[in-house]
Protein chains: 2
Amino acid sequence: MNGHVDVLDDARTIARSILEVVKREGRTSLTAPEARELCEAWRIPIPKEALATTADEAAAQAQAIGFPVVLKIVSPQILHKTEAGGVLVGVKTADDVRAGFKRIVESAGRYDSKAEILGVQVQQMLVGGQEVIVGAVTDPSFGKLVAFGLGGVLVEVLKDITFRLAPVDRTEALSMLDGIQAAAILKGVRGAAPVDREALSDLIVKVSQLVDAVPEIVELDLNPVFARTDGAIAADVRVVVDFEPKEARPRPSSDEILAKMNRIMRPDAVAVIGASAEDGKIGNSVMKNLINGGYKGAIYPIHPKADEILGLKAYKSVKDVPGAIDIAVFAIPAKFVPQALTEVGEKKISGAILIPSGFAETGDHEAQEEIVAIGRKYDVRLMGPNIYGFYYTPKNLCATFCTPFDVKGRAALSSQSGGIGMAIIGFSRSTKMGVSAIVGLGNKSDIDEDDLLTFFEQDDATDVIAMHLEDLKDGRAFADVAKVVSKKKPVVVLKAGRTSLGARAASSHTGALAGNDKVYDDVLRQSGVIRAKSLQDLLQFARGIPVLPTPKGENVVIITGAGGSGVLLSDACVDNDLSLMAMPADLDAAFRKFIPPFGAAGNPVDITGGEPPTTYRNTVKLGLEDDRIHALILGYWHTIITPPMVFAKVITEVVDEMRAKGINKPIVASLAGDVEVEEAAQYLYDHGIVAYPYSTETPVAVLGAKYRWARGAGLL
Amino acid sequence: MNGHVDVLDDARTIARSILEVVKREGRTSLTAPEARELCEAWRIPIPKEALATTADEAAAQAQAIGFPVVLKIVSPQILHKTEAGGVLVGVKTADDVRAGFKRIVESAGRYDSKAEILGVQVQQMLVGGQEVIVGAVTDPSFGKLVAFGLGGVLVEVLKDITFRLAPVDRTEALSMLDGIQAAAILKGVRGAAPVDREALSDLIVKVSQLVDAVPEIVELDLNPVFARTDGAIAADVRVVVDFEPKEARPRPSSDEILAKMNRIMRPDAVAVIGASAEDGKIGNSVMKNLINGGYKGAIYPIHPKADEILGLKAYKSVKDVPGAIDIAVFAIPAKFVPQALTEVGEKKISGAILIPSGFAETGDHEAQEEIVAIGRKYDVRLMGPNIYGFYYTPKNLCATFCTPFDVKGRAALSSQSGGIGMAIIGFSRSTKMGVSAIVGLGNKSDIDEDDLLTFFEQDDATDVIAMHLEDLKDGRAFADVAKVVSKKKPVVVLKAGRTSLGARAASSHTGALAGNDKVYDDVLRQSGVIRAKSLQDLLQFARGIPVLPTPKGENVVIITGAGGSGVLLSDACVDNDLSLMAMPADLDAAFRKFIPPFGAAGNPVDITGGEPPTTYRNTVKLGLEDDRIHALILGYWHTIITPPMVFAKVITEVVDEMRAKGINKPIVASLAGDVEVEEAAQYLYDHGIVAYPYSTETPVAVLGAKYRWARGAGLL
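Source: prediction; values computed, not measured.

Overview of the overall build of chain A
Thought 1: Within chain A, the secondary structure is distributed over 23 helices and 30 strands.
Thought 2: Classification of the 716 residues of chain A by burial places 60% in the buried group.
Thought 3: For chain A, the share of sequence-separated contacts (at least 6 apart) that also reach a separation of at least 24 residues comes to 70%.
Thought 4: For chain A, the exposed surface amounts to about 27600 Å²; the carbon and sulfur share of it is 52%.
Thought 5: Taken together, the 78 basic and 91 acidic charged side chains of chain A have centroids lying 2 Å from each other.

Have a look at this one:
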């Protein structure tokens, strides 16, 4: 390790000295010799080369470099070497090098008799191997990213490239080689030899370390890199620098975040600034939600004139309240916020819940900067502005002007947009999805997803965190905390503006720059985050993931009464990267005992449609008892012999029996039938089986999401 | 045209005479000279070549062919030409050809002094251009398919290839050039010149005509084809033949199908074979469904002993019934079917609705072949076996043992599986989706999707046809009829078994061979069919497509109260190939008059969240009135100022107003809010606006499906 560190220290020193020259000369990119020196310092393999002043010297150098070589005239006066007859490629022997040396020196002399000939450059000629690209870019939100792709049309036309946050370790770098569509090429196709994966991943690691260690390098391209069976060599290097570093968004420590967020999310005392007794006012809705929601802490209405609001003593200012206050919910127009926020600061309140709009979202960035400055000055964390507020059900807290919500459960959700927040509330109520929290983040002037992740990670009431977001103010901070949190609890993200058209709308909406979607895709995966593709995915994953136990292995078995559902469920398994277990002969025989002779063998287990409840019971019991099976997907077909609620109850019974014995596997179900299947699906969901009517895809997608998380968290 | 036909006639004659030799010699592929002759006959460009016996002749031939050329020794004794020094590539001048001729003849003489030298082959050398593949395969279901892809890794690793049913016309062939992921390469990247699209598509057309005209050619590969800026030349040709043609599935004429299907789907008299008075029996459920469903035609219970069943006179056999009968619904065990079916034939009944299972699906193929033979003998069309029956609501007909269904509407649905059929019924009832018909096809021993398409095309009660299928017994017949029907009415298909895992399950379920999914994808598109990716897609498309009027142009505008929904709706537009209209300045100004100053400009039109019903009304009215806008997507955000039902009613009002003026554009809506949005969505749906709660993706997907159909049908 020490050796490695020394190398890096030396390399850093060299990089710094190169950059000093570049900066002094006012350039934004490195010259070829500078780039070469940088690569050598960082042990990034580049073609070997040497300068020869005699034919014999050239031959000796070529011998040392290895054949074939390229010979190039070196003369300050000759810019167009080829035109001058000053280049020879593919020179294969020492004799040919000697002859070649003489030939190009003569040609150069004929081309320009006044040219000063410094010698001939002898350069390793790269032949064979697969052309790839290794590069680095600086993303406005994620910072330094390392990129890998194949050369030529694959990158240009198909955009087949993959990104990771820099720096990466060897494992991450190797994952990049598998992270492109055309990954099979690297393993060798048409009898071609595979590339040297160690060398190639090592190159990626070094590039990622270089851009991480030298912040001024904002772009770096090794293009092409010749990835060969032994080694990987960068044939061309381009380095772009920027000496004006961006101001970093302040990042409090995790302990600082937690201290504040605990007081904000679980307050003992809440002030409502702009509390009102008048129906229809936001300050009235907030008061009613707090009181009627069953919040047990102190509630302090703040109003310039009132003595009492909804039966509670009112104060002119938070500063007049005798006891401590944890959060202040703002229900006043934007123009009054700065003054009230200053008072909140003076009162040492931890969080300001800024419902008012009229800040950055309307184009008034100054107004927003003003309140951010006040928040920083007094160390008040700001939620919003331009939000609906938030819910935290373990405290019966509805700090919002929206409809109250009280179905307690294990899912914490957040949204950047109020509309999506309302959809979360409606969906949760409709599907009886229990939630621990629903949080509006709006303009994210201060509190953002990182703060919520830090809080929910240690929140005992929360098992899954689902977030709708349009941008990440500090993608790097988000990725850092998500990587940690997702090891413990599933994190689901719906990134809006993921397409170019969508991104344009995001930009007009929040003024946030939406990044390249592929970058989000790769970085979220790198951070262990489950990406939802649609609003319904976000909601269904939030609802279903905490209901399912974590699988202990990859073997999935489908048990279905409807062969047709079995086929669609199998399709869905492929779409969701689930592995249908190859059925062992003994297990196949065991299943066959319970099903009619014409039932289908293998996986799916097709019990056929006309079977009584006992057949479902017996096969599901076997599926749960056998250790080789790790998850079950059920396909139910509504018949008179096994009506929907009978199915739901028999499955619940056998699952409960097995749980009592300590067997707890994830089970999802697709229910095909008349409208009674809706009630049956809800019953199953209530009993820990993720079930959907009229859909084969959704139950499997939820199971797939649970698996993706478990794999990312290293539990599989 | 006549000239073209003559060419084809000659070409056919040449092909036949080549194949006679191949057949006589018991070969399964053509030799290189045969393949060359075939290509020449079909005007498929191949490299020019000639045989020279003197150096001067070689030079003259090279001159005629064009430089550079390849020279190859021609000698029956020399198989390894290169080893013998008998090949020269890249020969660029006449002098070099002369010298080369002498050199390789000498080399060959040295290599084998006894070899008989027939001369030197002078061949056009192909340089430059893009390597592509043009080929043809024979699919067990679709028959002859022509294929196009780029060469090398793109086809091998990325499977970037596209198929069409052969033969194709010029337009279809050109669509193939755009049908691959890497299509941009053909248009020229990195400053490369574009390929000659006319020449390349002409080559595809010719290959497709060749394999269509000569059924014995089961595989053909032109690989590589050099697609150049002027012309396209096949460098290598491989032709595989098969002289044992597959037996074709019988294809009645469209008139024959219609005559039968009209009687079957709209019967005046129905017999129930195995009718029963006993609750729980299938024959009892069928009787009750017919009677209670309100069917007005004659119902004849058939039972060996009973005199009367459920108040209707019973008969021992259909042959005892005095009047004519259109269909017989079978509710008897499989073993009794052949005898009863024979009687049905003798009675000249048009259709047998074969509910019983116990045929091919249980592995008993013989039993199925037996009933198919009886059906053919008596010209009785068979539906099933192994089905739930069918519903045809215009006749109040529930010829099924499932739950009755009576919500009349414009969607006709079919399923190959009973489970999926039950999901259709439950979904339809739950969402109030009106249907004209629901049909179970089961084992498809006879009646299949083609017959249904032919019937539904001319069925006035049907506006959209949605089909779940696992295989197509005769994909070519399906494609032929779908191509015609889809010009008139949208056809939606959910093809189960579309992934390799799924395909395996399909195989175990129905014994049907599932084809390559990409083939299905391309052929369904070529046939104008909208492919559903999931069961929910199939159901929602069936529900929504008939509700939406056909758009008159591509300009889509989003009007949203929730900026967050606007971003997600924009994402969905990209996913569904919808074009967000670039907002003209005057229209932008017109919208701005109705929205707050901080509302977002452009498209989406963000009216912001706090707006009253009039703002929704005014902006939607403008969107409907302006001729440049062809479709609207609405994003609603639940607020106290505009509650869900108020929104639903104000939108319905303005839409009805515009319809009264003859303005009828497709409108879809995404409703974000508390549970009241569910009622509002249903209200909107009932009034012709496709609306969904808690989803931004589904409404846009339905609009996208309508657009895909309209484009395919040539209405846009």
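Topic: the UniProt feature "domain: ATP-grasp" (unreviewed entry) in chain A
Thought 1: Those residues carrying the UniProt feature "domain: ATP-grasp" (unreviewed entry) are residues 36-72 of chain A in this numbering.
Thought 2: Helix makes up 46% of residues 36-72 of chain A and strand 22%, and the two end C-alpha atoms of the span are 17 Å apart.

As for the sheet that holds strand β11 (residues 269-273) of chain A
All names here are of chain A.
Thought 1: The strand order β12-β11-β15-β16-β17 describes an open sheet built from 5 strands, whose pairing is parallel. Both outer strands of the open sheet, β12 (298-302) and β17 (381-383), are each paired with one neighbouring strand and no more. Between one strand axis and the next, the sheet turns through 20 degrees on average, direction left out of account.
Thought 2: In the sheet, strand β15 (residues 327-330) pairs with strand β16 (residues 351-354) via 4 bridges, with the strands oriented parallel. Bridging from a neighbouring strand, I327 pairs with G351 of β16.
Thought 3: Running over the sheet, helix α8 (residues 254-265) touches β15, β16 and β17 and is turned about 50 degrees from β17.

Thoughts on the sheet that holds strand β1 (residues 49-52) of chain A
Residues and elements named next belong to chain A.
Thought 1: Read across the open sheet, the 4 strands follow the order β1-β4-β2-β3; overall the sheet is antiparallel. Across the chains shown, the open sheet's two edge strands, defined by having one partner strand only, are β1 and β3 (87-91). Here the average twist between neighbouring strands, direction ignored, is 20 degrees.
Thought 2: As judged from the 3 bridges shared by strand β2 (residues 69-74) and β3, these two strands associate in the antiparallel manner. Directly across from L71, in β3, lies its bridge partner L88.
Thought 3: Running over the sheet, helix α3 (residues 55-65) touches β1, β2 and β4 (119-124) and is turned about 170 degrees from β1.

Quick word on the packing of helix α10 (residues 337-346) of chain B against helix α11 (residues 365-378) of chain B
When two helices pack together, their arrangement is captured by the angle between the axes and the distance separating the axes.
All names here are of chain B.
Thought 1: It is the contact of α10 with α11, at a shortest axis distance of 9 Å, that shows an interaxial angle of 10 degrees. Of the possible angle classes, the one that applies to α10 and α11 is roughly parallel. Contacts between α10 and α11 involve V337, P338, L341, T342, G345 and E346 from the first element and E370, I371, I374, G375 and Y378 from the second.
Thought 2: Here the residues of the contact of α10 with α11 sort into 6 nonpolar, 3 polar and 2 charged.

Some remarks on the relation of the copies chain B and chain A
Thought 1: Mapping chain B onto chain A leaves a residual RMSD of 0.2 Å; the transformation is a rotation of 180 degrees accompanied by 0.0 Å of translation along its axis. The symmetry that links the two subunits is that of a two-fold axis.
Thought 2: Of the residues that chain B buries at the interface, 100% are likewise interface residues in chain A, meaning the two copies contact each other through the same surface.

Some words on the pattern of salt bridges
Side-chain pairs of opposite charge can arise where the charged atoms are in close proximity.
All names here are of chain A.
Thought 1: The final tally for this structure, using the stated rule, is 83 salt bridges over all chains.
Thought 2: Between R525 and D521 there is a salt bridge whose closest N-O contact spans 3.5 Å. Of this pair, R525 and D521 both sit in helix α16 (residues 517-526), 4 residues apart, which is roughly one turn of that helix.
Thought 3: Judged by its relative accessible area of 52%, R525 falls in the exposed class.
Thought 4: Residue classification places D521 among the partly exposed positions, given a relative accessible area of 25%.
Thought 5: Salt bridges here are not isolated pairs; linked through shared partners, they connect D517, K518, D521, D522, R525 and R531.

Some points on the nonpolar core
Thought 1: Counting residues in each nonpolar core, the largest one holds 106 residues, and the members touching the most others are W42(A), F148(A), W42(B) and F148(B).
Thought 2: Ignoring any residue separated from it by four or fewer positions in sequence, one finds W42(B) in contact with L8(B), A11(B), R12(B), A15(B), K206(B), Q209(B), L210(B), A213(B) and V214(B).

Quick word on the interface of chain B and chain A
How big an interface is tends to be expressed through the accessible area that disappears when the partners come together.
Thought 1: Counting residues at the interface gives 78 residues for chain B, matched by 78 residues for chain A.
Thought 2: Across the chain B/chain A interface, buried area totals approximately 5800 Å², and carbon plus sulfur atoms make up 66% of it.
Thought 3: Counting every contact that joins chain B to chain A gives 2 salt bridges.
Thought 4: Among the salt bridges present, the one from R429(A) reaches D674(B), with a minimum N-O distance of 2.8 Å.
Thought 5: Taken together, the connections running from chain B to chain A amount to 18 residue pairs in polar contact (both at pLDDT 80 or more).
Thought 6: Of all elements in the fold, only α5 (153-156), α12 (418-431), β23 (491-495), α15 (500-510), α17 (535-544) and α18 (563-575) of chain B reach the threshold of two or more residues within the side of chain B that touches chain A.
Thought 7: Tallied by class, residues from the side of chain B that touches chain A come to 36 nonpolar, 28 polar and 14 charged.

Observations concerning the packing of aromatic side chains
All names here are of chain A.
Thought 1: Under the definition given, this model contains 18 aromatic pairs over all chains.
Thought 2: Judged by centre distance (5.9 Å) and plane angle (50 degrees), the rings of Y616 and Y636 are tilted. On the criterion of sequence distance, the pair formed by Y616 in helix α20 (residues 613-625) and Y636 in strand β28 (residues 631-637) is long-range, its members being 20 residues apart. Just as Y616 is buried, Y636 falls in that class too.
Thought 3: Three or more aromatic residues joined by ring pairs make a cluster, and in this case those are Y392, F455 and F456.
Thought 4: A cation over a ring is seen here: R543 above Y685, with NZ or CZ 3.6 Å from the ring centre.

A closer look at the confidence of the model for chain A
Residues and elements named next belong to chain A.
Thought 1: When pLDDT is averaged along chain A, the result is 92; 96% of the residues meet or exceed 70.
Thought 2: Across residues 503-515 the pLDDT falls below 50, and counting only partners more than four positions away or on other chains, this stretch makes 28 contacts in the model.
Thought 3: Reported confidence for the predicted complex is 0.91 by ipTM and 0.92 by pTM.

Observations concerning unusual backbone geometry
Thought 1: Here the bond from N223(B) into P224(B) is cis, since omega is 0 degrees, no more than 30 degrees from zero.
Thought 2: With respect to the element layout, P224(B) can be found in strand β8 (residues 217-227).
Thought 3: Residues other than glycine seldom take positive phi values, yet K444(A) does so here, at roughly 50 degrees.
Thought 4: Position of K444(A) among the secondary structure elements: in the loop between β21 (435-440) and α13 (449-457).
Thought 5: Even without glycine at this site, D379(B) takes up a positive phi of about 60 degrees.
Thought 6: Structurally, the position occupied by D379(B) is in the loop between α11 and β17 (381-383).

Points about the packing of helix α12 (residues 418-431) of chain A against helix α17 (residues 535-544) of chain A
Residues and elements named next belong to chain A.
Thought 1: Two elements in contact, α12 and α17, have axes whose closest approach is 11 Å; the angle formed by their N-to-C orientations is 45 degrees. Overall, the two elements α12 and α17 adopt an arrangement that is oblique. Judged by the sense of rotation from one axis to the other, the crossing of α12 with α17 is right-handed. Counted together, I420, A423, I424, F427 and T431 of α12 and L535, Q536, L539, Q540 and R543 of α17 form the full contact between these two elements.
Thought 2: Looking at side-chain class alone, the contact of α12 with α17 contains 6 nonpolar, 3 polar and 1 charged residues.

A short note on helix α4 (residues 94-111) of chain B
Residue and element names in this part refer to chain B.
Thought 1: With 18 residues, α4 should reach 26 Å at 1.5 Å per residue; the first-to-last C-alpha distance of 25 Å fits that figure.
Thought 2: Taken together, the buried positions of α4 are A94, V97, G100, F101, I104, S107 and A108. Each buried residue of α4 lies within a common arc of 145 degrees when the element is viewed along its axis, so the set occupies one face. The exposed set on the far side of α4, more than 90 degrees from its buried face, consists of D95, R103 and R110.
Thought 3: On its buried side, α4 packs onto β1 (49-52), α3 (55-65), β2 (69-74), β3 (87-91) and β4 (119-124).

Observations concerning the pairing of β23(B)
Residues and elements named next belong to chain B.
Thought 1: Most of β23 sits inside the fold, with 5 of its 5 residues counted as buried.
Thought 2: Judged from the 5 bridges that link them, strand β22 (residues 464-469) and β23 form a sheet pairing that is parallel. Considered in β23, the bridge of M467 is made with V493.
Thought 3: Between β22 and its parallel partner β23, the chain crosses via helix α14 (residues 475-485), and the hand of that crossover is right-handed.

Focus: the pairing of strand β15 (residues 327-330) of chain B
All names here are of chain B.
Thought 1: Alternating residues of β15 divide into I327 and V329 and A328 and F330, and every residue in both groups is buried.
Thought 2: Summarising the sheet, strand β11 (residues 269-273) and β15 pair through 4 bridges and their orientation is parallel. Directly across from V272, in β15, lies its bridge partner V329.
Thought 3: Handedness of the crossover is the feature at issue here: the chain leaves β15, passes through α10, returns alongside strand β16 (residues 351-354), and the resulting connection is right-handed.

Comments concerning the side chain of S201(B)
All names here are of chain B.
Thought 1: Checked against the element boundaries, S201 lands in helix α7 (residues 197-213).
Thought 2: S201 gets classed as buried once you look at its relative accessible area, which sits at 1%.
Thought 3: Engagement of the side chain of S201 in a polar contact is seen with the backbone oxygen of E198, the distance being 3.1 Å.
Thought 4: Each residue touching S201, except ones within four places of it in the same chain, is listed here: R170, A173 and L174.

The rules behind each value
Residues numbered from 1 in each chain as written. Chains lettered and ligands numbered in written order. Predicted model: local features only at pLDDT ≥ 70, side-chain atom pairs only at ≥ 80, totals over all residues. Heavy atoms only, no water. Helix = DSSP H or I, 4+ residues; strand = E, 2+ residues; numbered from the N terminus. Buried < 20%, exposed > 50% of the residue type's maximum accessible area, 1.4 Å probe, protein only. Contact = heavy atoms within 4.5 Å. Areas by Shrake-Rupley, 256 points an atom, 1.4 Å probe, with all protein chains shown as cover. Lys, Arg positive; Asp, Glu negative; His and termini not counted. Charge placed at Lys NZ, Arg CZ, Asp CG, Glu CD. UniProt positions renumbered as here; feature names shortened; annotations may be inferred. Pairing = 2+ DSSP bridges. Axes fitted to C-alpha atoms, helices over the stretch in contact; angles between N-to-C directions. Parallel < 35°, antiparallel > 145°, perpendicular 65-115°, else oblique. Nonpolar A, V, L, I, M, F, W, Y, C, P; charged D, E, K, R; others polar. Least-squares fit on C-alpha atoms with pLDDT ≥ 70 in both. Salt bridge = Lys/Arg side-chain N within 4 Å of Asp/Glu carboxyl O. Core = buried A, V, L, I, M, F, W, Y, C linked by side-chain atoms within 4.5 Å. Buried area = accessible area lost by both parts, 1.4 Å probe. Polar contact = N/O pair within 3.5 Å; in protein donor to acceptor, adjacent residues only side chain to side chain. Phe/Tyr/Trp six-rings, centres within 6.5 Å; stacked < 30°, edge-to-face > 60°. Lys NZ or Arg CZ within 6 Å of the ring centre and 35° of its normal. pLDDT = per-residue confidence, 0-100. Left-handed = near helix turned anticlockwise from the far one by under 90°. Expected span 1.5 Å × (residues − 1). Arc of directions from axis to C-beta. Right-handed = clockwise from strand over helix to strand, strands pointing away.

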